[in-house]
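Take a look at the letters that make up each chain.
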Amino acid sequence: MKILIKNGRVIDPGNSLDKICDILIQEGIIQEICAPINTKADRQVDATGKIVLPGLVDMHVHLREPGREDKETIESATRAALKGGVTSLLAMPNTEPAMDTPENIRLLKKIIQGSALANVFVTGTITKARKGEELTDIKKIKKEGAIAITDDGNSVDSEGLMLEALKRAKEAQLLLISHAEDKAFSNKGAVNLGIISTRLGLKGISKESEYARVERDIELAQKAGTKIHIAHVSCRESVEIIAKAKKKGIQVSADTCPHYFSLTEDAVLGYDTNFKMNPPLRTREDVQAIREGLASGAIDAISSDHAPHTENEKEIEFERAEFGVVGLETELAASITQLLHSGLLNWGELIEKLSLNPSRILGINKGLLGKGLSADLIIVSPDKEWLVEKRALASKSKNCAFLGQRLKGMVEYTICQGQIAYEASSHQGAGQIV
């Protein structure tokens, strides 16, 4: 199929591209990016007044399959991803069973091959069953196709074991992603430790539970002489530690999520469990630090930490409810609303965080628009406002922190592997997977 995109503002920071031009796609590959392109095509898309961007690369997604298909499936998650402009995503390994053996990874890859609508990359676990007791066979996991390892949801408490994991990851040329949480400090809390937790009578999670482990894991990576990635950064102290480590030349990268630069702990005052996530929403000071960290480059990437849960797991007492929110469909619009329309980042800087940098961190050939590359791109109406509604979410679970909010920036088309995979309808917030 030949697709011609006309008159869009094409932005690709990886190729220093920001201009009005056309894009010709044929047989899944970008054939030309220039202006004008005068050729017949099977489908012509008028992108006048719209932004054409590389498809988003979300490096932190919980697909739940295999094991918890009642929450999400690979098919439903990738359907939601396409609606949100995400063409590539990294699957976290805390499935049932966990991705701790080559056999389990083969099972997951078979499901992906049969049902994924977008590009899905795989992680393996650091330790068996994510218990932090015994390392997995990291070389075999890499050989089976995993591009990173993490015990996400759990941190490796043993310094010796974590150091050995970093050394083996270096030998295997595999990225290690740190879930930075010392559970001795988080102490089975439900919200950020502070005035709000006291007011609500809920157990608090201290910021130290995050930043102390961030500091430790970066020091261990330095000792091992390898790179490390810190996931879902939520507090000022973590940003400062990461920034200092980068200045020292330590190979550390980090991501945060839209809820950490958009919402504060005040959101939990109504006991709405859609605002319960781990790490928890923090203070206004922390939100400002996250925003400044994105602007300065201390934080490299934005991910969703898409964590679907059933209504039975969320619509219960706050203390008992599961941690996590869905975010594949809102991460781009929330980022546009909070970071671009506020003037904190420009388009090039924003797409670096959402596509280019995640691709570079993961070592995958995504996040770029160029002749000869696979056509993964999105067309966005930058100022179009839409209401986040539960009924319109494509994700199987609806536990979204942005429900009821109006966000700017609507994905009009998502092209994945050279095919129009999502096309918005005229109805606000709706659309269809093609």
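Residues numbered from 1 in each chain as written. Predicted model: local features only at pLDDT ≥ 70, side-chain atom pairs only at ≥ 80, totals over all residues. Heavy atoms only, no water.

Peer 1: Help me out: how do you make sense of the overall build of the chain in this one?
Peer 2: Each helix and strand in the chain was counted, giving 13 helices and 19 strands. Over its C-alpha trace the chain gives a radius of gyration of 21 Å, about what one expects of a compact globule, namely 22 Å for 434 residues. Along the first, second and third principal axes, the C-alpha set of the chain runs to 65 × 50 × 45 Å. Burial status across the chain gives 62% buried among its 434 residues. Between the mean site of the 56 positive side-chain charges and the mean site of the 60 negative ones, the chain shows a separation of 2 Å. (Helix = DSSP H or I, 4+ residues; strand = E, 2+ residues; numbered from the N terminus. Rg over C-alpha atoms; globule rule 2.2 N^0.38 Å. Buried < 20%, exposed > 50% of the residue type's maximum accessible area, 1.4 Å probe, protein only. Lys, Arg positive; Asp, Glu negative; His and termini not counted. Charge placed at Lys NZ, Arg CZ, Asp CG, Glu CD.)

Peer 1: Can you help me understand the packing of aromatic side chains in this one?
Peer 2: Two measures describe an aromatic ring pair: the distance that separates the ring centres and the angle between the ring planes. What the rule picks out here adds up to 0 aromatic pairs. We note Lys 276 situated over the ring of Phe 323; from NZ or CZ to the ring centre the distance is 4.6 Å. (Phe/Tyr/Trp six-rings, centres within 6.5 Å; stacked < 30°, edge-to-face > 60°. Lys NZ or Arg CZ within 6 Å of the ring centre and 35° of its normal.)

Peer 1: I tried to follow the side chain of Thr 127 on my own but got confused; where do I start?
Peer 2: In this fold, Thr 127 is placed in the loop between β8 (119–124) and α3 (138–143). A distance of 3.3 Å separates a polar side-chain atom of Thr 127 from the backbone nitrogen of Lys 131. Apart from residues no more than four positions distant in its own chain, Thr 127 is found in contact with Asp 100, Gly 132, Glu 133, Glu 134, Leu 135, Thr 136, Asp 151, Val 156 and Leu 161. (Polar contact = N/O pair within 3.5 Å; in protein donor to acceptor, adjacent residues only side chain to side chain. Contact = heavy atoms within 4.5 Å.)

Peer 1: Explanation requested: the confidence of the model for the chain in the structure shown.
Peer 2: When pLDDT drops low, the exact placement of atoms in the prediction is not to be read closely. For the chain, the average pLDDT comes to 96, and 98% of its residues sit at 70 or higher. For residues 426–430, every residue scores under 50 in pLDDT, and the model assigns this stretch 14 contacts once sequence neighbours within four places are set aside. (pLDDT = per-residue confidence, 0-100.)

Peer 1: Would you explain the sheet that holds strand β15 (residues 301–302) in this entry?
Peer 2: With parallel pairing, 8 strands are arranged side by side in an open sheet as β6-β7-β8-β9-β10-β13-β14-β15. Where the open sheet ends on each side, the last strands, each with one partner, are β6 (56–61) and β15. Judged from the 2 bridges that link them, strand β9 (residues 148–149) and strand β10 (residues 175–178) form a sheet pairing that is parallel. Bridge pairing links Ala 148 to Leu 175 in β10. (Pairing = 2+ DSSP bridges.)

Peer 1: Help me understand the packing of helix α4 (residues 159–172) against helix α7 (residues 208–224) in this model?
Peer 2: The angle between the axes and the distance between the axes are what describe a pair of packed helices. For the pair α4 and α7, the least separation of the axes is 9 Å and the interaxial angle reads 50°. When the axes of α4 and α7 are compared, the pair comes out oblique. Viewed along their axes, α4 and α7 form a crossing whose handedness is right-handed. Here Glu 159, Met 162, Leu 163, Leu 166, Lys 167 and Lys 170 of α4 come into contact with α7, specifically with Arg 216, Asp 217, Leu 220, Ala 221, Lys 223 and Ala 224. For the contact of α4 with α7, a count of residues per class yields 6 nonpolar, no polar and 6 charged. (Axes fitted to C-alpha atoms, helices over the stretch in contact; angles between N-to-C directions. Parallel < 35°, antiparallel > 145°, perpendicular 65-115°, else oblique. Left-handed = near helix turned anticlockwise from the far one by under 90°. Nonpolar A, V, L, I, M, F, W, Y, C, P; charged D, E, K, R; others polar.)

Peer 1: Mind showing me how you'd approach the pattern of salt bridges here?
Peer 2: Two side chains that carry opposite charge are able to pair once their charged atoms sit near each other. In total, this model carries 31 salt bridges according to the counting rule given. A salt bridge links Lys 140 to Asp 137, with the nearest nitrogen and oxygen atoms 4.0 Å apart. A relative accessible area of 37% places Asp 137 in the partly exposed class. Salt bridges here are not isolated pairs; linked through shared partners, they connect Lys 207, Arg 236, Glu 237, Glu 240, Glu 285 and Asp 286. (Salt bridge = Lys/Arg side-chain N within 4 Å of Asp/Glu carboxyl O.)

Peer 1: Whenever I open this one, unusual backbone geometry confuses me. Can you help?
Peer 2: Cis peptide bonds are those with omega within 30 degrees of zero, and the linkage from Glu 65 to Pro 66 qualifies with 10°. Of note, Pro 66 is situated in the loop between β6 and α1 (74–83). Backbone torsion omega between Asn 278 and Pro 279 reads 0°, so that peptide bond is classified as cis. The residue Pro 279 is located in the loop between α9 (258–262) and α10 (284–296) in this model. The phi dihedral of Asn 187 falls on the positive side, at around 50°, and the residue is not glycine. Structurally, the position occupied by Asn 187 is in the loop between α5 (183–186) and β11 (191–192). Of note, Lys 188 is a non-glycine position whose phi angle comes to about 55°, a positive value. The class of Lys 188 is exposed, set by a relative accessible area of 79%.

Peer 1: Can you help me understand the nonpolar core in this one?
Peer 2: Grouped burial of nonpolar side chains is what soluble globular proteins tend to show. Judged by nonpolar contacts, the single largest core of 77 residues is most densely connected at Leu 176, Ile 218, Ile 230 and Leu 350. In terms of residue count, α4 provides more of this core than any other element does, 7 residues in total. Not counting residues within four places of it along the chain, the set of residues in contact with Ile 230 comprises Ser 178, Val 214, Ile 218, Ile 242, Val 252, Ser 253, Ala 254 and Asp 255. In terms of nonpolar packing, the next biggest core, distinct from the first, is built from 25 residues, Tyr 260, Leu 281, Ala 333 and Met 410 among them. (Core = buried A, V, L, I, M, F, W, Y, C linked by side-chain atoms within 4.5 Å.)

Peer 1: Help me out: how do you make sense of the pairing of strand β18 (residues 419–424) in this one?
Peer 2: For a regular strand, the rule is simple: side chains alternate between the two faces of the sheet. The element β18 is extensively covered by neighbouring structure, given that 5 of its 6 residues are classed as buried. Hairpin connection between strand β17 (residues 406–416) and β18: a loop of 2 residues separates the two successive antiparallel strands, and Gln 417 in this loop has a positive phi of roughly 55°.

Peer 1: I'm lost on the packing of α7 against helix α8 (residues 236–247) in this one. Help?
Peer 2: At a minimum axis separation of 8 Å, α7 and α8 run at an interaxial angle of 15°. Accordingly, the angle class assigned to the pair α7 and α8 is roughly parallel. In this structure, α7 meets α8 at a crossing whose hand is right-handed. Residues Glu 210, Tyr 211, Val 214, Glu 215 and Ile 218 of α7 lie in contact with α8, whose contacting residues are Glu 237, Ser 238, Ile 241, Ile 242 and Ala 245. Classifying every residue of the contact of α7 with α8 gives 6 nonpolar, 1 polar and 3 charged.

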